[in-house]
Amino acid sequence: MEYRNDFLEREIQKITLFLRKTLSKIAKDDDDVFSLQSFNEDLKGKLDFGFYELLDLSIDDLKTKIEGLNVFVLEELLRVFYQISKNEMLISDNSNLKTAALIILEEIENNTKVYSLERQQIKNYFKSEKKRN
């Protein structure tokens, strides 16, 4: 049992590190460094879904897809979505991204008792963006 837990912890750490590296690439604001297509393929390799797949899912299917994912992974994924949304040049249609981000936020909030100011800021950002469109 301990081996299984160690394996799961290492996998969570690998995915979290991948998402943090993705965040740093987006933050550099250099078109040569970050590619959504590359991110989509890398994410699909790390998890059982890609970026574009998440955006195309219905709300219920998205909830099912992310249900049970580790909260740390979801929070890092949310940060990536936030940066992609803020950098409007990366994606032309932000409406599906905003919906997916709000569903991820809901999943995080349902599975953690820890309040996060950063998470609240991201939530407010996506809610205000959703109202604008």
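Nothing here was measured: the structure is a model prediction, and the numbers come from that model. (Residues numbered from 1 in each chain as written. Predicted model: local features only at pLDDT ≥ 70, side-chain atom pairs only at ≥ 80, totals over all residues. Heavy atoms only, no water.)

### Considering the packing of helix 5 (residues 71-86) against helix 7 (residues 117-132)
Applied cut-off: As a rule, the C-alpha atoms of each element are fitted with a line to give its axis, helices using only the stretch in contact, and angles between N-to-C directions run from 0 to 180 degrees. A helix here means a DSSP run of H or I that spans at least four residues, while a strand means a run of E at least two residues long, and both kinds are numbered starting from the N terminus. Should an angle fall under 35 degrees it is taken as roughly parallel, and over 145 as roughly antiparallel, whereas 65 to 115 is taken as roughly perpendicular and any remaining angle as oblique. Handedness of each helix crossing follows the sense of rotation of the near helix against the far helix: counterclockwise by less than a right angle gives left-handed, clockwise gives right-handed. Two residues qualify as a contact provided that any one of their heavy atoms is within 4.5 Å of a heavy atom in the partner residue. Residue type decides the class: Asp, Glu, Lys and Arg count as charged, Ala, Val, Leu, Ile, Met, Phe, Trp, Tyr, Cys and Pro as nonpolar, and the leftover types, Gly among them, as polar.
Contact geometry for helix 5 and helix 7: axes closest at 11 Å, N-to-C directions at 45°. Taken together, the axes of helix 5 and helix 7 are oblique relative to one another. When the axes of helix 5 and helix 7 are compared, the crossing they make is left-handed. Side by side, helix 5 and helix 7 meet where Glu75, Leu78, Arg79, Phe81, Tyr82, Ser85 and Lys86 of the first sit next to Glu118, Arg119, Gln121, Ile122, Tyr125 and Phe126 of the second. Residue composition of the contact of helix 5 with helix 7, by class: six nonpolar, two polar and five charged.

### Some points on the nonpolar core
Spelled out, the test is: Grouping buried Ala, Val, Leu, Ile, Met, Phe, Trp, Tyr and Cys residues that are joined through side-chain atoms within 4.5 Å yields what is termed a nonpolar core. Remark: exposure states derive from per-residue accessible area (1.4 Å probe, protein chains only) relative to the maximum for the residue type, with buried under 20%, exposed over 50%, and partly exposed in between.
Grouped together as the largest cluster of nonpolar side chains are 36 residues, with contacts concentrated most on Leu19, Phe39, Leu43, Phe51, Leu77, Phe81 and Ile84. If you list the elements that add at least two residues to this core, you get helix 1 (2-27), helix 2 (36-46), helix 3 (51-56), helix 4 (59-66), helix 5, helix 6 (95-111) and helix 7. Looking at which element gives the most residues to this core, the answer is helix 5, with nine residues. If sequence neighbours within four positions are ignored, Leu43 has contacts with Phe18, Leu19, Phe49, Gly50, Phe51 and Leu77.

### What about a positive patch on the surface?
What counts, and what does not: Like charges are joined within 9 Å and nonpolar side chains (Val, Leu, Ile, Met, Phe, Trp, Tyr) within 5 Å, but only among residues with over 30% relative accessible area and no salt bridge; these make up the patches. Per-residue accessibility takes into account occlusion by the displayed protein chains alone, with areas from the Shrake-Rupley method and a 1.4 Å probe. Salt-bridge detection follows one rule: a side-chain nitrogen of Lys or Arg within 4 Å of a carboxyl oxygen of Asp or Glu. We count Lys and Arg on the positive side and Asp and Glu on the negative side, and we leave His and both chain ends out. To locate a charge, take NZ of a lysine, CZ of an arginine, CG of an aspartate or CD of a glutamate.
A cluster of basic side chains, namely Lys21, Lys25, Lys28 and Lys46, defines a positive patch on the protein surface. Of note, Lys21 is situated in helix 1.

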